[in-house]
Amino acid sequence: MISETALIIGKLQIPWNAILIGLTIPAWFFFSYSLYSARVKKSASFLLLFPLTVITSFFFCRLFYWYSNQSQFEGLFDALDSFNLAAFSLLGLLPGILIPALLLWAVRLIKKLPVLLDTLAAPTAFATGFFYLTCLFNNSCRAKFVIHHAAFQRFPVSVLSTDALGNIEYRFATFMAGFILMSLVGIFTLWFYFRNYKKEGATLAFFLLFYSAVQFILESTRYDACYFPFNGFVSIIQIVSAVCIAGSMIYYSILSVKKTGFRAVYPVLWFLHIAAIGATGYLEYLVQRHGDKAAMLYLFMSLSCFLMAFIPVIVYFCGKSGRKSQIPRKKSGA
């Protein structure tokens, strides 16, 4: 269990999560700026993105958390004034980054919005992973299921926790899993970007696919996920993730069909994608009803989530490898 306090200077106590947040935000910005400036010659307007993103991300991260945990605050303004660094929902990062980018594009300071969003994709994945580390590995790591096998009752698989009665137990280290998985998403998104940066918007769709798949399954493992006040089954992040995955599949399908024309492989991939989405939803239902079988169910859910994200990528590469068939025209006689 990690102490929440990193430094004590007189009466001032500086927590670990404050230091991690303070380091992650500028690292995200400079990483994104390096990628953007390599693509765009006049990139000075990108500097305006930093303060705007900090403000809007803070607002939306607190807004989503307040919406799902209204009993903890007297109102929205009370949530915004709170100094609790754990009272955030990472879902707010997406609109917090998108809205300033749209604003700069609307006032013509950014000419190519897809290029900007592509360069923000991989840094945002890495930043999300480090933000998971700000949720200290103690009782705040509220995983649904307890680890009973002695071989896995250790970090980074599980964390020591106490229940409401003070009993010691080992719970799945959800936040550590989030850091590892989001770091992998960042690595593969960066690889995809350098191979496909000429196709504007493709990297953003790739990021949304795997970011959403990871978020979907991680939200399922937590009992403090951000739910709608009227629904305690499917979280807000899971719904947004499903929309992002479906939207990315549609985008990749349009790109590929435009380039190659309709091919027999596309309906097969579309069917498999719908089947993977259905399997993920059904497994989510099962894990909510049969918590004693969580380990096995999450294993299959991880596979279905991976397929949900990977099948659209196959559709995209089918478009890159194929050529649009053309019917040869007969030459007219003399």
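Calculation notes
- Residues numbered from 1 in each chain as written.
- Predicted model: local features only at pLDDT ≥ 70, side-chain atom pairs only at ≥ 80, totals over all residues.
- Heavy atoms only, no water.
- Phe/Tyr/Trp six-rings, centres within 6.5 Å; stacked < 30°, edge-to-face > 60°.
- Helix = DSSP H or I, 4+ residues; strand = E, 2+ residues; numbered from the N terminus.
- Buried < 20%, exposed > 50% of the residue type's maximum accessible area, 1.4 Å probe, protein only.
- Lys NZ or Arg CZ within 6 Å of the ring centre and 35° of its normal.
- Core = buried A, V, L, I, M, F, W, Y, C linked by side-chain atoms within 4.5 Å.
- Contact = heavy atoms within 4.5 Å.
- 1 Å grid on protein atoms, 1.4 Å probe; cavity = no way out; pocket = protein on both sides within 12 Å on 5 of 7 lines; lining within 4 Å.
- Points joined across faces, edges and corners; volume = space filled by probe spheres on them.
- Nonpolar A, V, L, I, M, F, W, Y, C, P; charged D, E, K, R; others polar.
- Patch = residues over 30% accessible without salt bridge, like charges linked within 9 Å, V, L, I, M, F, W, Y side chains within 5 Å.
- Areas by Shrake-Rupley, 256 points an atom, 1.4 Å probe, with all protein chains shown as cover.
- Salt bridge = Lys/Arg side-chain N within 4 Å of Asp/Glu carboxyl O.
- Lys, Arg positive; Asp, Glu negative; His and termini not counted.
- Charge placed at Lys NZ, Arg CZ, Asp CG, Glu CD.

## A look at the packing of aromatic side chains
Next, step 1: With the rule as written, the count across this model stands at 27 aromatic pairs.
Next, step 2: Ring geometry for F31 against F126: centres 6.0 Å apart, planes inclined by 40 degrees, an arrangement best described as tilted. Of the two residues, F31 sits in helix 1 (residues 16-39) while F126 sits in helix 5 (residues 113-133), which places them 95 residues apart along the sequence.
Next, step 3: Residue class for F31 comes out partly exposed when judged on its relative accessible area of 26%.
Next, step 4: Between Y252 and Y316, the ring centres sit 4.8 Å apart and the planes meet at 35 degrees, which makes this aromatic pair tilted. Here the residue Y252 occupies a position in helix 8 (residues 236-260), and Y316 occupies one in helix 10 (residues 294-321), the gap between them amounting to 64 residues. Of the two residues, Y252 and Y316, neither departs from the other in class, the shared state being buried.
Next, step 5: Feature note: the residues F192, F206, F210, Y251, Y252, Y316 and F317 constitute an aromatic cluster, connected by ring pairs.
Next, step 6: Here the guanidinium or amino end of R62 rests over the ring plane of F88, the centre of that ring lying 4.4 Å away.

## Points about the nonpolar core
Next, step 1: Counting residues in each nonpolar core, the largest one holds 60 residues, and the members touching the most others are L116, L120, F207 and Y252.
Next, step 2: The element best represented in this core is helix 7 (residues 202-220), accounting for 13 residues.
Next, step 3: Excluding its chain neighbours within four sequence positions, the residues that come into contact with Y252 are F192, A202, A205, F206, L209, P312, V313, V315 and Y316.
Next, step 4: M249, I311, V315 and C318 belong to the second-largest nonpolar core, a separate cluster that totals six residues.

## Some remarks on unusual backbone geometry
Next, step 1: A positive phi angle, near 70 degrees, is found at R108, a position not held by glycine.
Next, step 2: Here R108 shows up in the loop between helix 4 (93-106) and helix 5.
Next, step 3: Of the residues examined, R108 reaches a relative accessible area of 70% and is grouped as exposed.

## Some points on the layout of surface pockets
Next, step 1: Within this model, the largest pocket holds a volume of roughly 940 Å³.
Next, step 2: Considering the residues around the largest pocket, the lining is formed by 35 residues, among which L181, I217, Y298, L299 and S302 are closest to the centre.
Next, step 3: Of all elements in the fold, only helix 6 (174-196), helix 7 and helix 10 reach the threshold of two or more residues within the lining of the largest pocket.
Next, step 4: With eleven residues, the single largest contributor to the lining of the largest pocket is helix 10.
Next, step 5: Looking at side-chain class alone, the lining of the largest pocket contains 29 nonpolar, five polar and one charged residues.

## A short note on the environment of M249
Next, step 1: Secondary-structure assignment places M249 in helix 8.
Next, step 2: For M249, a relative accessible area of 6% puts it in the buried group.
Next, step 3: Separated by 66 residues in the primary sequence, M249 and V315 place their C-alpha atoms 8.0 Å from one another.

## Description of a positive patch on the surface
Next, step 1: Together, R195, K199, K259 and K320 give the surface a local cluster of positive charge.
Next, step 2: Mapping R195 onto the fold places it in helix 6.
Next, step 3: On the basis of relative accessibility, which here comes to 56%, the residue R195 falls in the exposed class.

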